[in-house]
Amino acid sequence: EINLSGVFYCSQAFFKVAMKKRAGRIINISSVVGQFGNPGQANYAAAKGGVIGRTMSNAKEFAARGVTVNCVCPGTSRNE
């Protein structure tokens, strides 16, 4: 529950302050699992997909007030 509702409440609180300043940056953290899914992780994928969708919606909504919203989606990497 905290994956998605945490982003909602923090964004809401921050936007109230940033709106007055007409400037600000929000960087959410999601996962590539939210974009592509993963076997056995439907609930996690749904929550992280929700973070991505919320980020895109907030970016469009807050842009007019000078606030940018982005999302970082780390994933696995092959290292030697």
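For every chain, the first residue of the written sequence is number 1, and numbering continues from 1 along that sequence. For a predicted model such as this one, the threshold for reporting local features is a pLDDT of at least 70, and the threshold for listing and counting side-chain atom pairs is 80 or more; totals across whole chains, interfaces and linings nevertheless cover every residue. Water and hydrogen atoms were dropped before computing side-chain values, which therefore reflect all heavy atoms in the structure.

Draft legend 1. Molecular detail of the environment of alanine 46. To qualify as a helix, a DSSP run of H or I must reach at least 4 residues; to qualify as a strand, a run of E must reach at least 2; elements of each kind are numbered from the N terminus. For alanine 46, the position within the fold is in helix 3 (residues 42-62). Along the chain, alanine 46 and glycine 6 lie 40 residues apart, while their C-alpha atoms are 15 Å from each other.

Draft legend 2. Fine view of helix 1 (residues 2-21). Take the residue count of a helix, subtract one, and multiply by 1.5 Å to get its expected span. Taking 1.5 Å per residue as the helical rise, helix 1 with its 20 residues ought to reach 28 Å, and the 28 Å between its terminal C-alpha atoms agrees with that figure. At phenylalanine 15, helix 1 shows its largest kink, close to 30°. Each residue is placed in one exposure class: buried if its accessible area under a 1.4 Å probe, protein chains only, is under 20% of its type's maximum, exposed if it is over 50%, and partly exposed if it falls in between. Listed in full, the buried residues belonging to helix 1 are Gly6, Val7, Ser11, Phe15 and Ala18. Contacts are residue-level and defined by heavy atoms, with any inter-residue pair within 4.5 Å sufficient. As for helix 1, its buried residues are in contact with strand 1 (24-29), helix 3 and strand 2 (67-72). Just downstream of helix 1 lies arginine 22, where phi reads positive at about 55°. Bend angle per residue: angle between axes fitted to the 7 residues ending at that residue and the 7 residues starting there.

Draft legend 3. How the structure looks around unusual backbone geometry. Of note in the backbone geometry, arginine 22 takes a positive phi value of approximately 55° without being a glycine. Along the chain, the position of arginine 22 falls in the loop between helix 1 and strand 1.

Draft legend 4. Broad picture of the packing of helix 1 against helix 3. Interaxial distance between helix 1 and helix 3 falls to 8 Å at its minimum, and their mutual angle equals 20°. As summarised for this structure, helix 1 and helix 3 are arranged roughly parallel, according to the angle between their axes. Considering the relative orientation of helix 1 and helix 3, their crossing is right-handed. Of the residues in helix 3, those touching helix 1 at Asn3, Leu4, Val7, Phe8, Ser11 and Phe15 are Tyr44, Ala47, Lys48, Gly50, Val51, Arg54, Asn58 and Phe62. Grouping the amino acids of the contact of helix 1 with helix 3 by side-chain chemistry returns eight nonpolar, four polar and two charged. Axis definition: a line fitted to C-alpha atoms, over the contacting stretch in the case of helices. Angles run 0 to 180 degrees between N-to-C directions. For classification purposes, angles smaller than 35 degrees are called roughly parallel, those larger than 145 roughly antiparallel, those between 65 and 115 roughly perpendicular, and all remaining angles oblique. For any pair of crossing helices, the crossing counts as left-handed if the nearer helix is rotated counterclockwise from the farther one by less than a right angle, and right-handed if it is rotated clockwise. Residue polarity is assigned by list, with Asp, Glu, Lys and Arg as charged and Ala, Val, Leu, Ile, Met, Phe, Trp, Tyr, Cys and Pro as nonpolar; anything else, Gly included, falls into the polar class.

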